[in-house]
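# Architecture and fold: a report
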Amino acid sequence: QCLRKHIRRLEFEVENDRALLAPLVNCLQTNIIELGICNETESLQVGMALDEALVNALYHGNLEVSSKLKEEDDRAYYELAEKRAAQSPYAERRILVEAELSPEEACIVMRDQGPGFDPESLPDPTDPENLLRVHGRGILLMRTFMDEVKFNDRGNEVRMVKRRSA
């Protein structure tokens, strides 16, 4: 449980469509600003973290498209994602988002319906060898902009917390 007493509870079930992610991030940012958890500048950072988590859930989770393919061939990566979005079992999968918001903090849980992954297996994005690599940076951004980022054991759910700024 993220909060003992919450002011707003929002739940979303999102299809595997990249175009649906930005309006969802915008809705969450708007609520976070309205409750005074952070200002507009900080909400842009929170928005980046939320977008990264949703993109990971969509492409790597539900559609099971490897970031290694993106490194090798960007076009092939998006073509495979588009193809899988119309095929079973990928087409039936959804991203589930639950947000509990109070004036003190925002707790957002995102879960995909893919097989999951081991977050510890990602290369260190701050290692000079990995600076130009495409994958691994999203989780670094999430950890940089949020106060707490935790994955479940299966690796198909991330819980992110942003606390009110001092």
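So, a few notes on the structure that sits alongside this text. (Residues numbered from 1 in each chain as written. Predicted model: local features only at pLDDT ≥ 70, side-chain atom pairs only at ≥ 80, totals over all residues. Heavy atoms only, no water.)

### Examining helix α4 (residues 74-85)
With twelve residues, α4 should reach 16 Å at 1.5 Å per residue; the first-to-last C-alpha distance of 17 Å fits that figure. All buried positions along α4 are accounted for by Tyr77, Ala81 and Arg84. Taken end-on, α4 shows its buried residues confined to a sector of 70 degrees, consistent with a single buried face. Summarising the geometry of α4, the exposed residues directed more than 90 degrees from the buried face are Arg75, Glu82 and Lys83. On its buried side, α4 packs onto α2 (40-62) and α3 (67-72). (Helix = DSSP H or I, 4+ residues; strand = E, 2+ residues; numbered from the N terminus. Expected span 1.5 Å × (residues − 1). Buried < 20%, exposed > 50% of the residue type's maximum accessible area, 1.4 Å probe, protein only. Arc of directions from axis to C-beta. Contact = heavy atoms within 4.5 Å.)

### Concerning the pairing of strand β5 (residues 157-163)
Pairing analysis gives seven bridges linking strand β3 (residues 105-111) to β5, with the strands arranged antiparallel. Bridging from a neighbouring strand, glutamate 105 pairs with arginine 163 of β5. With four bridges joining them, strand β4 (residues 148-151) and β5 adopt antiparallel strand pairing. Paired with phenylalanine 151 across the strands is valine 158, a residue of β5. (Pairing = 2+ DSSP bridges.)

### Remarks on the packing of aromatic side chains
Overall, the coordinates contain four aromatic pairs when judged by the stated rule. For the pair tyrosine 77 and tyrosine 78, a centre-to-centre distance of 4.9 Å together with 85 degrees between the ring planes defines the contact as edge-to-face. Judged by relative accessible area, tyrosine 77 falls into the buried class, the value being 3%. The exposure class of tyrosine 78 is partly exposed, given its relative accessible area of 35%. (Phe/Tyr/Trp six-rings, centres within 6.5 Å; stacked < 30°, edge-to-face > 60°.)

### So, the sheet that holds β4
Sheet architecture is open: five strands sit in the order β1-β2-β3-β5-β4, paired in antiparallel fashion. The sheet terminates laterally at β1 (8-14) and β4, the two strands that pair on one side only. For this sheet the average axis-to-axis angle between neighbouring strands, irrespective of direction, equals 10 degrees. Of the strand pairs in this sheet, β1 and strand β2 (residues 95-101) are connected by seven bridges, and their pairing is antiparallel. In the sheet register, arginine 8 faces β2, and the bridge partner there is leucine 101. Sitting on the sheet, helix α1 (residues 21-34) touches β1, β2 and β3, and the angle it makes with β1 is about 175 degrees. The strands that helix α5 (residues 137-145) touches are β4 and β5; relative to β4, the one it contacts most, it runs at about 135 degrees. (Axes fitted to C-alpha atoms, helices over the stretch in contact; angles between N-to-C directions.)

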